[in-house]
Amino acid sequence: MELRGYVQTFKTGQLSEKSIVANLHWVPKNKTRKIGETSNKNYAELWIGTHPSGEATLRKTKIKLSKFISKHPHVLGISSYQFDNLPFLLKVLSVGSPTPIKIHPSERLAPILHDKNPIGHPDTLHQPVIVVPLTDFEVFVGFRPKNEIIFFLKDVPELNELIKPKFLEDFVRTEKSFYLKKIFECYMNTEERKLTEVMNKFFTRLETADCDTRDRHLLEFIEKLNKIFPYDHGVFMIFFLNHFTLKKDEAIYIRPLIPYSFLYGDAVECTTNTDNDIKATFTTDIKEVSLFIEYADFTSFELDQLKVKPRFEPYLNIYDCDEDEFVLSKATIRKDQYYCIYGKRTLCVFIVIEGMALTMEYTKIKVGTIMLIPPCHTYYMKALEDMTIFMAEPNLVI
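Residues numbered from 1 in each chain as written. Predicted model: local features only at pLDDT ≥ 70, side-chain atom pairs only at ≥ 80, totals over all residues. Heavy atoms only, no water.

> Residues and numbers for helix α8 (residues 177-188), please.
Each α-helix winds once per 3.6 residues, and so residues spaced three or four apart point in a common direction. In this model, α8 (12 residues) spans 16 Å end to end at C-alpha, consistent with the 16 Å of a helix rising 1.5 Å per residue. Taken residue by residue, α8 has Y179, L180, I183, F184, C186, Y187 and M188 as its buried positions. (Helix = DSSP H or I, 4+ residues; strand = E, 2+ residues; numbered from the N terminus. Expected span 1.5 Å × (residues − 1). Buried < 20%, exposed > 50% of the residue type's maximum accessible area, 1.4 Å probe, protein only.)

Here you go:
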């Protein structure tokens, strides 16, 4: 059963000519992109799921996937005992500028947010996220190790000016993340006028500084962020949050409450069927800074603590984070090889990222093709070119 994903044209995306999302969107339609129609759009995300903010449809009938599942619940297989709809949301990301720095709610927090603000937080679902880069993928994720944060707090005078000395002293002498929270709260509550004044001091000082100091204080990166979000609190976030450039296939798992932002690059993401978050910076949407500070996970992380090591099977990298709602897999198939997606007791959804294949029915699937494989159905293909496929399915198979 072939699907059509829903394209999100957020400001954080990339223009049509550079966006993998645009390519995946247009190629299956066998249409030539019209420059006037697409050049001013930022193609940011391709959503494959039943979320009301961007729902997949059946290709032939254009029926929404959620409506089809409600009429044919058997398509969920054993997942129907736990879920009444597709429990995951599969996405392809094309990031051209920083996404909001945010956290997602945990299972405990999501119902609380919904009860207090059902419009801003319209469901009660938690939201873990797994991301597998398709290119070099630049991110902020999790708080830096303590020694790195202390270094910046002491070595960058403008940052130090925004923090109460007592909070810094307490943070240095203890391992409790509570004191990092107090420092971060102090920074985030800085008035815009004061923050602008301090940032201007920072830029002025480093104009005449030596190269070592400019590099040590991350001037080039901060100037880049400031051009996109002038004098935003997120500009100095690099002093608090880990800044990583992930390589292709270097997957990370972002648990609920861990702060993050995607800065640049292409990736595949899988999460639960929700878009529930608490934004702090890098956004023109509603900011919930006090909630962010109250609930964010202030644990310090190294990159290796966030990485997901895949389980290997023939042709497959399986990224399993022990979430009932989803498990993500990547299949790599060489030209002329045969590949089979074996029938399971639940459904599977896949998207072709690269290559082309011929199915057992002698139909071709190619870049951008999205298929839903019902329970207990086996899907055969022969690769006509080297292929890359990403698959998502509920993690309930016994």
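> Can you lay out the packing of helix α5 (residues 146-155) against helix α7 (residues 165-173) for me, pointing to particular residues and giving the numbers?
Here α5 crosses α7 at 150°, and the two axes come no closer than 11 Å. In terms of orientation, α5 and α7 fall into the roughly antiparallel class. As for the relative orientation of α5 and α7, their crossing is left-handed in sense. Of α7, the residues touching α5 (which contributes K146, I149, I150, L153 and K154) are L168, F171 and V172. (Axes fitted to C-alpha atoms, helices over the stretch in contact; angles between N-to-C directions. Parallel < 35°, antiparallel > 145°, perpendicular 65-115°, else oblique. Left-handed = near helix turned anticlockwise from the far one by under 90°. Contact = heavy atoms within 4.5 Å.)

> Please set out the nonpolar core residue by residue, giving values where relevant.
Core analysis: the largest hydrophobic core is formed by 52 residues, its most contacted members being F140, Y187, F236, F239 and F240. For this core, the element with the highest residue contribution is α8, accounting for 7 residues. V75, L76, F326 and F390 belong to the second largest nonpolar core, which has 42 residues in total. (Core = buried A, V, L, I, M, F, W, Y, C linked by side-chain atoms within 4.5 Å.)

> Help me get a handle on a negative patch on the surface, residues and values and all.
Taken together, the side chains of E207, D210, D215, E220 and E223 define an acidic patch exposed on the protein surface. Here E207 is to be found in helix α9 (residues 192-207). (Patch = residues over 30% accessible without salt bridge, like charges linked within 9 Å, V, L, I, M, F, W, Y side chains within 5 Å. Areas by Shrake-Rupley, 256 points an atom, 1.4 Å probe, with all protein chains shown as cover. Salt bridge = Lys/Arg side-chain N within 4 Å of Asp/Glu carboxyl O. Lys, Arg positive; Asp, Glu negative; His and termini not counted. Charge placed at Lys NZ, Arg CZ, Asp CG, Glu CD.)

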